[in-house]
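Breakdown of the fold
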Amino acid sequence: MDVDTRLLRYFAAVAEEGNLTRAAQRLYVSQPALTKQIKQLETLLGATLFTRSRAGMALTEAGRALARRAPALLDDWTRAVSETNAAAAREARVLRVGFLASAANEATTEIIAEFAARRPGWRVDMRQSAWSDPTAGLADGRVDVAILRLPIPGQEKWRVEVLLTEPRCVVLPSTHRFADRDEIPFAELLDEPFVAAPQATGPWRDYWLAIDERGGVPPRIGAVTQHPDDWLNAIANGYGIALAPESAARFYQRPGVVFRSVVGIAASQVGVAWNPIDDENAPVQDFVRSCLRYEQT
């Protein structure tokens, strides 16, 4: 019997969380999609793995047996994939680097140049990710290292070094009543509709909605987007406003939107992140050192 490792990973998340909603957020998938995958695994195994109730997802005896084995199987597979990718990278001399939006801002080109000096003959393959995956491919092994906006879901699982800190700003339609103001208190934006990342991104979405600074006032969601162009279009068309790093004003200027300073919320951080199993991966560590040379915290 062949079982997709993705199904095992989904099962392990639900088993650990004991809750479909939390597991779906952790996996960046919708709850209906996760339910479908669990049912598919149960069909393949011919066993009921969970007892479903209002209290959550309780493991059956069969589920407990699989839960004892699944983490080790997944860890072994992850390590095998990482070692295979590392070997392929050494052979091809390519380092896969995931990133979101503007990566490390203007320092990105300098980081790549520094890595090239440390690793002559190597090439950096920059892979931009949609906002539906705040880990930029790190979580599923599509990249070797990533430059990310923090915090990310499950951040404690990864090695993370902060590279720079910058204030957040607010992005408004140019027709917005606050568009002619230079600075806006966040308290005046609480009732505005926001353009948000997908709900499955969990803590990352919450951070860019400034949930911690809302004093219990729930956000209004005017639109959900996954890519910068869609995000800017939604704002320009009046579906909502959004928070962004201050540098977004340099990288994402376009007609119909304005960037304004906002006070009353914490600053944004950019970090370089990698899997702990790559602590001895020389190309990955050379890239991390290249990043840290341009640390601006």
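As a reminder, the structure under discussion sits directly above these lines.
Read on for an overview of the structure. It should be emphasised that the depicted structure is a prediction, and the values quoted were computed from it without experimental measurement.

Thoughts on the environment of Val257
Within the fold, Val257 resides in strand β12 (residues 257–263). The class for Val257 is buried, based on a relative accessible area of 5%. For the pair Val257 and Arg142, spaced 115 residues apart in the sequence, the C-alpha separation amounts to 33 Å. Val257 has contacts with Val171, Leu172, Ser174, Leu232, Ile235 and Ala236, leaving out every residue within four places of it along the chain.

Brief notes about the pattern of salt bridges
Counting across every chain of the model gives 16 salt bridges. In this structure, Glu166 and Arg149 form a salt bridge, with 2.6 Å as the shortest nitrogen-oxygen distance. On the criterion of sequence distance, the pair formed by Glu166 in strand β6 (residues 159–166) and Arg149 in strand β5 (residues 145–150) is long-range, its members being 17 residues apart. A relative accessible area of 6% means that Arg149 is categorised as buried. What emerges from the salt-bridge pattern is a single network uniting Glu114, Arg118 and Arg293.

Side note on the sheet that holds strand β7 (residues 168–173)
Strand order in the open sheet made by the four strands is β8-β12-β7-β11, with mixed pairing throughout. The open sheet has two edge strands, β8 (183–185) and β11 (242–245), and neither has a second partner. Neighbour-to-neighbour, the strand axes of this sheet turn through a mean angle of 45°, independent of strand direction. Sheet analysis places β7 next to β12, joined by five bridges and oriented antiparallel. In the sheet register, Cys169 faces β12, and the bridge partner there is Ser261. Across the sheet, helix α7 (residues 228–236) lies against β7, β11 and β12, angled at about 55° from β7, the strand it touches most.

Observations regarding the pairing of strand β3 (residues 94–99)
Of all the six residues making up β3, six are buried; the element is thus mostly covered by neighbouring parts of the structure. Burial of β3 is two-sided: the residues Val94, Arg96 and Gly98 facing one way and the residues Leu95, Val97 and Phe99 facing the other way are all buried. On the question of chirality, the crossover connecting β3 to the parallel strand β4 (residues 123–128) by way of helix α5 (residues 107–118) is right-handed. Direction of pairing for β3 relative to β5: parallel, over a ladder of three bridges. Residue pairing for β5: Gly98 is matched across the bridge by Ala146.

Focus on α7
Regarding α7, the residues found buried are Pro228, Trp231, Leu232, Ala234 and Ile235. Along the axis of α7, the buried residues cluster in a sector spanning 160°; they form a single face. Buried residues along α7 sit in contact with β4, β7, β9 (193–196), β10 (220–224), β11 and β12. Just beyond α7, the residue with positive phi is Gly238, at close to 85°.

Side note on the pairing of β4
Pairing of β3 with β4, which is carried by six bridges, proceeds in the parallel orientation. Its bridge partner being in β4, Gly98 is matched across the sheet by Arg127.

Some remarks on the layout of surface pockets
The volume enclosed by the largest pocket comes to roughly 1,300 Å³. Arg9, Thr78, Ala139, Lys157 and Trp158 are the residues nearest the centre of the largest pocket, which is lined by 42 residues in total. Of all elements in the fold, only α1 (5–17), α2 (20–27) and α4 (61–92) reach the threshold of two or more residues within the lining of the largest pocket. The dominant element in the lining of the largest pocket, judged by the number of residues it contributes, is α4, at 10 residues. Here the residues of the lining of the largest pocket sort into 19 nonpolar, 10 polar and 13 charged. Counting residues domain by domain, the lining of the largest pocket receives three or more from each of domain 1 (5–75) and domain 2 (94–150 + 273–293).

Each value, and the rule that gives it
- Residues numbered from 1 in each chain as written.
- Predicted model: local features only at pLDDT ≥ 70, side-chain atom pairs only at ≥ 80, totals over all residues.
- Heavy atoms only, no water.
- Helix = DSSP H or I, 4+ residues; strand = E, 2+ residues; numbered from the N terminus.
- Buried < 20%, exposed > 50% of the residue type's maximum accessible area, 1.4 Å probe, protein only.
- Contact = heavy atoms within 4.5 Å.
- Salt bridge = Lys/Arg side-chain N within 4 Å of Asp/Glu carboxyl O.
- Pairing = 2+ DSSP bridges.
- Axes fitted to C-alpha atoms, helices over the stretch in contact; angles between N-to-C directions.
- Right-handed = clockwise from strand over helix to strand, strands pointing away.
- Arc of directions from axis to C-beta.
- 1 Å grid on protein atoms, 1.4 Å probe; cavity = no way out; pocket = protein on both sides within 12 Å on 5 of 7 lines; lining within 4 Å.
- Points joined across faces, edges and corners; volume = space filled by probe spheres on them.
- Nonpolar A, V, L, I, M, F, W, Y, C, P; charged D, E, K, R; others polar.
- Domains from an automatic or database assignment.

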